[in-house]
Amino acid sequence: MPSVLCVHAHPDDEALFTGGVLARTAEDGGRTAVVTCTWRDGSRRVDELRRSLQILGAGEPRLLGYTDYAFDDGVKFCEAPFDEAVGKVVGHIRSFRPDVVVTYDAFGSYGHPDHVHAHRVTIAAVEAASHPQLYPDSGEPWAASHLCFATFPRSAVEGMWASLFGGSAPPPGPGIPGVDDHLVTVTVDVGAWFETKWAAFSAHESEIERGGGASRFAAMDDADRRAALGTEWFVHRSLMGRAQVDPFRSS
């Protein structure tokens, strides 16, 4: 089974965007891990992240230790030296040696500044990790075979809009989540792993309590929740020179 390393901005993103493929890969015997760019050990958010990763079978948290865009303590991820952040991710890539690296699309899936920055940092780190001249103190070089960007097809955004935000359709404008449907090249039905994914997502109790984005899914009825979270979509970039229908499964 291909090994999978996800790079996410915040605790709970690992479950929302990639919980299904992480659970499926672990169940099939593949190695999985998650790098989380914000929050530090000792916080409730990281305790919840640790529980979520245990449920998904994705090991211990791998933390960059930066601060969430919305908070003021420590160095904000978006304001950290770019080269420093890239080097930290390179270290995780080289130590874990994944076949597949996953992060967000260029819009950060829905425009969050930390997500957008994670996309940029991860692309640079995937490229740099294979070059022995770059970050020589971060481990032996490693070249991943696939890079996948978690996203939403525009049709799915339109279909989920009412249950998530109210209203019959998203407003016009460039800031709507998702990409044109034809740009989505990997669609994974994770319905069989929904219970595991939802249990991992529900481990992030503090986000649900504070009324963050997680609370929207918690407020849904079960049928709408399964419809919203039962599929995971990706824009796939093969780094081997050939496409693959599902890079999370061996060809």
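This one's a predicted model, so the numbers in the text were calculated from it and none came from an experiment. (Residues numbered from 1 in each chain as written. Predicted model: local features only at pLDDT ≥ 70, side-chain atom pairs only at ≥ 80, totals over all residues. Heavy atoms only, no water.)

Draft legend 1. Representation of the nonpolar core. Grouped together as the largest cluster of nonpolar side chains are 71 residues, with contacts concentrated most on Phe77, Val102, Phe217, Phe234 and Phe248. Ignoring anything within four residues of it in the chain, the contact list for Phe248 reads Met1, Pro2, Val4, Val21, Arg24, Thr25, Val100, Val102, Cys148, Val186, Val188 and Phe234. (Core = buried A, V, L, I, M, F, W, Y, C linked by side-chain atoms within 4.5 Å. Buried < 20%, exposed > 50% of the residue type's maximum accessible area, 1.4 Å probe, protein only. Contact = heavy atoms within 4.5 Å.)

Draft legend 2. Just the packing of aromatic side chains, in detail. In the structure shown here, the tally under the stated rule is eight aromatic pairs. Residues Phe17 and Phe152 carry aromatic rings whose centres are separated by 5.9 Å and whose planes lie at 45° to one another, so their mutual orientation is tilted. Residue Phe17 is located in helix α1 (residues 13-27), and its partner Phe152 is located in the loop between β5 (146-151) and α5 (154-165); the two are separated by 135 residues in the primary sequence. Assessed through its relative accessible area of 4%, Phe17 is described here as buried. Accessibility expressed as a relative area gives 18% for Phe152, which makes it buried. Where Phe152 meets Trp233, the ring centres are 6.3 Å apart and the plane angle is 65°; that geometry is what we call edge-to-face. A residue pair is termed long-range when its members are at least 10 positions apart, and Phe152 in the loop between β5 and α5 and Trp233 in strand β7 (residues 231-238) qualify at 81 residues. Taking the relative accessible area as the measure of exposure, Trp233 reaches 12% and is therefore buried. Above the plane of the ring of Phe96 lies Arg31, whose end atom (NZ or CZ) is 4.3 Å from the centre. (Phe/Tyr/Trp six-rings, centres within 6.5 Å; stacked < 30°, edge-to-face > 60°. Helix = DSSP H or I, 4+ residues; strand = E, 2+ residues; numbered from the N terminus. Lys NZ or Arg CZ within 6 Å of the ring centre and 35° of its normal.)

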